[in-house]
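Listed below, chain by chain, are the residues.
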Amino acid sequence: KAGVTQTPRYLIKTRGQQVTLSCSPISGHRSVSWYQQTPGQGLQFLFEYFSETQRNKGNFPGRFSGRQFSNSRSEMNVSTLELGDSALYLCASSPWVGETQYFGPGTRLLVL
Amino acid sequence: AQTVTQSQPEMSVQEAETVTLSCTYDTSESDYYLFWYKQPPSRQMILVIRQEAYKQQNATENRFSVNFQKAAKSFSLKISDSQLGDAAMYFCASQGGSEKLVFGKGTKLTVNP
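About the thresholds
Residues numbered from 1 in each chain as written. Chains lettered and ligands numbered in written order. Predicted model: local features only at pLDDT ≥ 70, side-chain atom pairs only at ≥ 80, totals over all residues. Heavy atoms only, no water. Helix = DSSP H or I, 4+ residues; strand = E, 2+ residues; numbered from the N terminus. Rg over C-alpha atoms; globule rule 2.2 N^0.38 Å. Buried < 20%, exposed > 50% of the residue type's maximum accessible area, 1.4 Å probe, protein only. Pairing = 2+ DSSP bridges. Salt bridge = Lys/Arg side-chain N within 4 Å of Asp/Glu carboxyl O.

1. Regarding the overall build of chain A
Thought 1: Check the secondary structure of chain A and you find zero helices and eleven strands.
Thought 2: Reading chain A from its N end, one meets helices and strands in the order β-β-β-β-β-β-β-β-β-β-β.
Thought 3: Radius of gyration (C-alpha) of chain A: 13 Å, near the 13 Å computed for a compact globule of 112 residues.
Thought 4: Based on the C-alpha atoms only, the size of chain A along its principal axes is roughly 35 × 25 × 25 Å.
Thought 5: Counting over 112 residues, chain A shows a buried share of 53%.

2. Points about the pairing of strand β5 (residues 42-50) of chain A
Residues and elements named next belong to chain A.
Thought 1: With respect to burial, β5 is a largely interior element, eight of its nine residues being buried.
Thought 2: Bridge analysis of strand β4 (residues 31-38) against β5 gives eight bridges, and the strand direction is antiparallel. Within β5, the position partnered with V32 by the bridge is Y49.
Thought 3: A loop of three residues connects β4 with β5, the two strands running antiparallel in sequence.
Thought 4: Judged from the four bridges that link them, β5 and strand β6 (residues 53-57) form a sheet pairing that is antiparallel. Looking at β6, one finds that E48 is bridged to N56.

3. Focus on the pairing of strand β6 (residues 46-52) of chain B
All names here are of chain B.
Thought 1: Of the strand pairs in this sheet, strand β5 (residues 32-39) and β6 are connected by six bridges, and their pairing is antiparallel. Bridge pairing in β6 links W36 to I49.
Thought 2: Where β5 hands over to β6, the hairpin turn is made up of six residues, of which R43 adopts a positive phi near 75 degrees.

4. Here's the deal with the pattern of salt bridges
Thought 1: Evaluated as defined, the whole model comprises nine salt bridges over all chains.
Thought 2: Here K55 of chain B ties to E52 of chain B by a salt bridge, and the two come within 3.9 Å at their closest N and O atoms.
Thought 3: A single network of salt bridges, built from pairs that share partners, joins R63, E82 and D85 of chain A.

Limitation: the analysis is restricted to geometry and does not speak to function.
Put into structure tokens, the structure is as follows:
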């Protein structure tokens, strides 16, 4: 089976812009979670989707949003980018809620 | 709420030797899972090993094994016969019930030839 894929792998944006990141889960996996990784804060949970519904949301401002499509693919959007949004964004999928998560290669976002 | 603590920011080991990475956790869940993930310089997060809390037997995956002490809320990872490819950041994580994964701050492992 193909693993979790994330696009794009690298992205450079400027403050105030918005960005959309995409995640395709492992075939058959229905749960998708997103994490932000920074040197200062480590790995922080953003949100989790299952069957097109957001199940959990981390402690992030409303500028961070996401959605999941009927084929389980997921996107996350960050509006009005800030310098502090520079990070590695990791997507993980699992067959069902609460099961082992498998990660994609991440999208490295740099905000200038 | 769940918390995961990794008290060793960095560790080093000689090639072919054994090293143990420490992790403690706290959770109010009665049903939970514990994980070790490895993140090499490529930044891809790779699952190393998983332990179900209800199982008393320690999980093993080839050269990787855990020492799970439920009462002490301790979950250490032992890497035997260390190889250069084991060099990476290692993250301990817990997942309670159907909740999110909570990660520790990580331990950077260096393998010396």
